[in-house]
Amino acid sequence: MKKLAVLFGLMLSMSTFAHMDGEKVSPLSKDATEAQKQVVRDGANDFCESVEEDNREECVMDFFANHNLEEEPSCD
């Protein structure tokens with residue numbers, strides 16, 4: 001029983017830290033609409049706005065990955 005409690009705690013902590021600090025957008029489901037995808041794109045732009053230009057694409061890629069959006073980031 002103790003092993004089960006430890007496993008549950010580990011899984012809970014992994015899901016808690018799956019997102020970046022300060023973000024406010026929920027991950028997408030498998031049947032996400034275009035409007036939901038646009039919310040993630042806009043959230044990535046807002047979240048990564050303060051990141052230096054050299055690291056912005058990586059920030060957006062991480063944001064997309066954390067929100068289940070499978071597309072190439074556009075930092076234009």
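All residue numbers refer to position in the chain's written sequence, counted from 1. The predicted nature of this model means local features are confined to residues of pLDDT at least 70 and side-chain atom pairs, given and counted, to a pLDDT of 80 or more, with totals for whole chains, interfaces and linings taken over all residues. Side-chain numbers here rest on the full set of heavy atoms in the structure, without hydrogens or water.

What follows concerns the overall build of the chain. Counting secondary structure elements, the chain contains 3 helices and 0 strands. Under the DSSP-based scheme used, a helix requires at least four consecutive residues in state H or I and a strand at least two consecutive residues in state E, with every element numbered from the N terminus. Mapped in sequence order, the helices and strands of the chain form the string α-α-α. Buried residues are those whose accessible area, probed at 1.4 Å on protein chains only, stays under 20% of the maximum for their type, while exposed residues exceed 50% and partly exposed ones sit between those limits. Every one of the 76 residues in the chain was classed for burial, and the buried ones make up 22%. Summarising the internal contacts of the chain: among those between residues at least 6 apart in sequence, 48% fall at separations of at least 24. Summed over all atoms, the accessible surface of the chain reaches about 6,200 Å², with 55% contributed by carbon and sulfur. Note on contacts: a residue pair qualifies if any of its non-hydrogen atoms lie within 4.5 Å across the two residues. Areas reported here follow the Shrake-Rupley algorithm with a probe of radius 1.4 Å; residue values treat only the protein chains shown as occluding.

Chain-level statistics for the chain give a pLDDT mean of 75 and a share of 64% at 70 or above. Mean pLDDT per element in the chain: helix H1 (residues 2-16) is the minimum at 52, and helix H2 (residues 34-47) is the maximum at 89. pLDDT runs from 0 to 100 and stands for how confident the predictor is about each residue. In this model residues 12-18 is a low-confidence stretch, pLDDT under 50, and it forms 1 contact with partners more than four residues away in sequence or in other chains.

Moving on, we get to unusual backbone geometry. Even without being glycine, asparagine 68 reaches a positive phi, approximately 60 degrees. Mapped onto the elements of the fold, asparagine 68 is located in the segment after helix H3 (53-66). Taking relative accessible area as the criterion, asparagine 68 reaches 46% and is therefore assigned partly exposed.

With that settled, the discussion passes to the packing of aromatic side chains. Stacked, tilted and edge-to-face pairs are distinguished by plane angle, under 30 degrees for stacked and over 60 for edge-to-face with tilted covering the rest, among Phe, Tyr and Trp rings (Trp via its six-membered ring) whose centres lie within 6.5 Å. If you walk through the whole model with that rule in mind, you get 1 aromatic pair. When the ring of phenylalanine 47 is compared with that of phenylalanine 63, the centres are 5.6 Å apart and the planes differ by 35 degrees; the resulting orientation is tilted. Here phenylalanine 47, found in helix H2, pairs with phenylalanine 63, found in helix H3; they are 16 residues apart in sequence, far enough to count as distant. With a relative accessible area of 1%, phenylalanine 63 lands in the buried category.

Here serine 29 is to be found in the loop between H1 and H2. When the C-alpha atoms of serine 29 and asparagine 68 are compared, they prove to be 7.5 Å apart, with 39 residues separating the residues in sequence.

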